[in-house]
Amino acid sequence: MQIPVPRLPHRPAPLRAESDARLTVELASVVAGARRRALRDGDRQIDTAHLLHSLIEGDGGARAAFGDGPQVARVLGYLVQRSIGYGLRWQGSVEDSGAGPAVRAAEPAGWSPSAAAAMEGALVRARLRGGPRATGLDLLAAIAADHRCRAVEVLDRAGVDAGWLEGRIGELSQQV
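Everything numeric here is computed off the predicted structure, so don't read it as measured data.

Novice: Where do I start with helix 4 (residues 71-81) in this structure?
Specialist: Owing to its 3.6 residues per turn, the α-helix brings residues three or four apart onto one side. Among all positions of helix 4, only Q71, V72, V75 and L79 are buried. All buried residues of helix 4 lie within an arc of 95° about the axis, which places them on one face of the element. Residues of helix 4 that are buried sit in contact with helix 2 (48-58), helix 3 (60-64), helix 7 (150-157) and helix 8 (162-175).

Okay, here's the thing in structure tokens:
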């Protein structure tokens with residue numbers, strides 16, 4: 001049974017999600033990594049591409065969702081290029097795929113509306129599967145379900161179909 005990623009009205013994710021007890025230790029580390037990446041890159045907000053980059057680098061379960069092929073390397077290649085040209089058009093703009101309400105950042109690296117919606121989607125997905133905490137796979141599923149977010153744009157450019165990735169996550173979730 002594939003656990004759906006719900007399309008519910010979203011509230012902003014906590015700005016300090018890495019200390020949120022609703023996240024696994026691994027996912028909290030991923031969020032902290034995304035925050036550091038956004039600050040280092042000079043971005044105003046954490047977006048879904050920051051989250052995707054941290055997921056691939058720091059969460060073995062999320063990385064495994066891409067399978068054994070060259071997909072992870074291609075996705076990482078696009079994500080690394082972000083700071084040297086590919087993502088420069090994103091700097092100074094707010095990622096808003098329409099997945100959630102606009103979020104006003106309370107700190108320099110707040111959350112884009114799409115990233116906040118993805119975090120909330122991960123928490124909802126964890127509740128639906130009966131888990132006490134959201135995992136990296138929950139977050140990756142929520143990101144892949146938002147076909148208008150920056151992370152899915154990166155996936156598309158790297159040749160990874162977001163629909164295929166959602167199905168793969170569903171398969172992996174059943175094996176657990």
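Okay, back to it.
Novice: I keep staring at the confidence of the model for the protein and nothing clicks. Help me out?
Specialist: A low pLDDT means the predicted coordinates there should not be read in detail. Summary statistics for the protein give a mean pLDDT of 81 and a share of 73% for residues scoring 70 or more. By mean pLDDT, strand 2 (residues 110-111) is the weakest element of the protein at 88, and helix 6 (residues 136-145) is the strongest at 97. This model gives residues 6-15 a pLDDT under 50, and the stretch forms 28 contacts once residues within four places in sequence are excluded. The low-confidence segment residues 101-108, where pLDDT is below 50, has 18 contacts with residues more than four positions distant or belonging to other chains.

Novice: Quick question: what am I supposed to make of helix 6 here?
Specialist: With 10 of its 10 residues buried, helix 6 lies for the most part within the structure. Burial in helix 6 covers these residues: G136, L137, D138, L139, L140, A141, A142, I143, A144 and A145. As for helix 6, its buried residues are in contact with helix 1 (25-41), helix 2, helix 3, helix 5 (113-128), helix 7 and helix 8. Between a side-chain oxygen at the N-terminus of helix 6 and the backbone nitrogen of L137 the separation is 3.3 Å; the capping residue is T135.

Novice: Mind showing me how you'd approach the environment of L165 here?
Specialist: Counting through the fold element by element, L165 comes out in helix 8. Overall, the relative accessible area of 0% leaves L165 in the buried class. Along the sequence, L165 and A145 sit 20 residues apart, while their C-alpha atoms lie 9.2 Å from each other. Aside from chain neighbours lying at most four places away, what touches L165 is A65, F66, L140, A144 and L155.

Novice: Any chance you could explain the nonpolar core here in plain terms?
Specialist: Inside soluble globular proteins, nonpolar side chains tend to come together where they are buried. Counting 45 residues, the largest nonpolar core has L52, F66, V75, L139 and L140 as its most contacted members. Contact partners of L140, with chain neighbours within four places excluded, come to L52, L55, A62, A65, F66, L165 and I169.

Novice: Is there a simple way to think about the pattern of salt bridges in this case?
Specialist: Across all of its chains, the model carries 6 salt bridges by this definition. A salt bridge links D47 to R150; the nearest nitrogen and oxygen atoms lie 2.9 Å apart. Placement of D47 in the loop between strand 1 (45-46) and helix 2 and of R150 in helix 7 is noted, with a sequence separation of 103 residues between them. Owing to a relative accessible area of 1%, D47 belongs among the buried residues under this scheme. Residue R157 pairs with E153 through a salt bridge whose shortest N-O separation is 3.6 Å. Linking R157 with E153, this pair stays in helix 7, spanning 4 residues, or about one helical turn. A relative accessible area of 24% means that E153 is categorised as partly exposed.

About the thresholds
Residues numbered from 1 in each chain as written. Predicted model: local features only at pLDDT ≥ 70, side-chain atom pairs only at ≥ 80, totals over all residues. Heavy atoms only, no water. Buried < 20%, exposed > 50% of the residue type's maximum accessible area, 1.4 Å probe, protein only. Helix = DSSP H or I, 4+ residues; strand = E, 2+ residues; numbered from the N terminus. Arc of directions from axis to C-beta. Contact = heavy atoms within 4.5 Å. pLDDT = per-residue confidence, 0-100. Polar contact = N/O pair within 3.5 Å; in protein donor to acceptor, adjacent residues only side chain to side chain. Core = buried A, V, L, I, M, F, W, Y, C linked by side-chain atoms within 4.5 Å. Salt bridge = Lys/Arg side-chain N within 4 Å of Asp/Glu carboxyl O.

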